[in-house]
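# Coordinates in review
Letter by letter, the chains look like this.
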Amino acid sequence: MKQLKSFIEQHEAIYRPVDAATINAAEQALHITFTPDYRAWLENVGVLSYEATEVFGLGVKETAWLSILRSTVELRQQYPGFPASAVPLMDAEDGHYYLYDNATGKIVRWSPLSGIIETLSVSLETFVLQHIEQ
C-alpha cells in the first residue's frame, strides 16, 4: 500500500484507517474472514474519498453508505445473489458494483441482475490507484 499511501498524502485525499479491533469486529458482524490484503487496506486507508471517487471500507459511521457494515448488509438483503464473502469497494455505475471477494482475494464487477460479470486481475492497491488517478 506504499504507492497508494504516497498518493493520498500528496493529494490530500480523505481517508480513515482503523485498528485491528475494529477490523475484527467487522469480520464478526459480517461473518467474513478478510484476506491479508483487505485487512491492509482497512488498516492503512480504511475508507477513501478523493474528488469524485469514493471507496467503501471502515472508519466512518456505521450508518454511512460507505461503511461496509451498512452497505454489505443492505446489498445482501436486497440481492440474495450477492456473494457471501464479498464487500463493496466502489460503485461501478449502471447499478453495478466493484466488490472485493475475500474468498478469492479478487476484485469483481458485480451486477444485481447478472451476478459476477468480470473478474479483474489487479491488486486492491492498483485498482484504487487506477480509479483515483483518472
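Residue indices follow the written sequence of each chain, beginning from 1 at its first position. For this predicted model, a pLDDT threshold of at least 70 governs which residues receive local features, and a threshold of 80 or more governs which side-chain atom pairs are given and counted, while totals over whole chains, interfaces and linings are taken from all residues. Heavy atoms from the whole structure form the basis of all side-chain values; hydrogens and water molecules are not counted.

Helices and strands together make up the secondary structure of the protein, namely five helices and seven strands. A run of DSSP states H or I qualifies as a helix once it reaches four residues; a run of E qualifies as a strand once it reaches two. Both are numbered from the N-terminal end. Secondary structure elements in the protein, listed N-terminal to C-terminal, are α-β-α-α-β-β-α-β-β-β-β-α. Computed over the C-alpha atoms, the radius of gyration of the protein is 14 Å, within 12% of the 14 Å expected from 2.2 N^0.38 for a compact globule of 134 residues. Along the longest, intermediate and shortest principal axes, the C-alpha atoms of the protein span 40 × 35 × 25 Å. Our radius of gyration looks at C-alpha atoms and nothing else; its globule reference is 2.2 Å times the residue count to the power 0.38.

Now for the packing of aromatic side chains. The pairing test for Phe, Tyr and Trp rings, Trp by its six-membered ring, is centres within 6.5 Å, and the orientation test on the planes gives stacked under 30 degrees, edge-to-face over 60, and tilted for anything in between. Under the criterion given, the structure shown has seven aromatic pairs. Summarising the aromatic geometry, the rings of Tyr 79 and Trp 110 are spaced 5.6 Å apart at their centres and angled 70° between planes, so their arrangement reads as edge-to-face. With Tyr 79 in the loop between α4 (68-78) and β4 (86-93) and Trp 110 in strand β6 (residues 106-111), the pair connects residues that are 31 residues apart, well separated along the chain. Summary of the burial criterion: residues with accessible area below 20% of their type's maximum are buried, those above 50% are exposed, and those between are partly exposed, where the area comes from a 1.4 Å probe applied to protein chains only. Note on Trp 110: relative accessible area 1%, which makes it buried.

This brings us to the nonpolar core. In terms of nonpolar packing, the biggest core is built from 44 residues, with Phe 34, Tyr 38, Trp 41 and Leu 89 touching the most fellow members. The contact definition used throughout considers only heavy atoms, calling two residues in contact when any of these lie within 4.5 Å. Setting aside residues up to four positions removed in sequence, Trp 41 forms contacts with Met 1, Leu 4, Gly 46, Val 47, Leu 48, Val 55, Phe 56, Gly 57, Leu 124 and Val 128. Nonpolar core, defined: a set of buried Ala, Val, Leu, Ile, Met, Phe, Trp, Tyr and Cys residues in which side-chain atoms within 4.5 Å join the residues together.

Time to look at the packing of helix α2 (residues 20-30) against helix α3 (residues 36-44). Running from N to C, α2 and α3 cross one another at 130°; their axes reach a closest spacing of 10 Å. For the element pair α2 / α3, the angle class is oblique. Read as a crossing pair, α2 and α3 show a hand that is right-handed. For the pair α2 and α3, the contacting residues are Ala 20, Ile 23, Asn 24 and Glu 27 in the first and Arg 39, Leu 42 and Glu 43 in the second. In this analysis an axis means a line fitted to C-alpha atoms, helices contributing only their contacting stretch, and an angle means the value between N-to-C directions, from 0 to 180 degrees. Should an angle lie under 35 degrees it is considered roughly parallel, over 145 roughly antiparallel, and from 65 to 115 roughly perpendicular; all remaining angles are considered oblique. Left-handed describes a crossing whose near helix is turned anticlockwise from the far helix by less than a right angle; the clockwise case is right-handed.

In this structure, the largest pocket encloses a volume near 290 Å³. Contributing to the lining of the largest pocket are 14 residues, with Ala 52, Thr 53, Glu 54, Met 90 and Asp 91 lying nearest its centre. Looking at the lining of the largest pocket, the elements with two or more residues in it are β3 (53-55) and β4. Of the residues forming the lining of the largest pocket, the biggest block, four residues, is contributed by β4. Throughout this entry, Asp, Glu, Lys and Arg are counted as charged residues, while Ala, Val, Leu, Ile, Met, Phe, Trp, Tyr, Cys and Pro are counted as nonpolar. The remaining residues, Gly among them, count as polar. Within the lining of the largest pocket, the residues separate by chemical class into seven nonpolar, three polar and four charged. Residues are called lining when one of their atoms sits within 4 Å of a cavity or pocket point, these points coming from a 1 Å grid over the protein atoms alone, where a cavity is a set in which a 1.4 Å probe fits but cannot get out and a pocket is an open set with protein on both sides within 12 Å along at least five of seven lines. Grid points are joined across faces, edges and corners, and a volume is the space filled by probe spheres set on the points.

For the rest of this paragraph, the subject is the confidence of the model for the protein. The predictor attaches a confidence to each residue, called pLDDT, with possible values from 0 through 100. Chain-level pLDDT for the protein is 95 on average; 100% of the residues reach the 70-or-more range. Per-element averaging of pLDDT across the protein places helix α1 (residues 2-11) at the bottom with 90 and α2 at the top with 98.

Phi is positive for Glu 12, which is not a glycine, with a value near 55°. Residue Glu 12 is classed as exposed on the basis of its relative accessible area, which comes to 70%. For His 31, which is not glycine, the phi dihedral falls at a positive 60°. Here His 31 is to be found in the loop between α2 and α3. Assessed through its relative accessible area of 70%, His 31 is described here as exposed.

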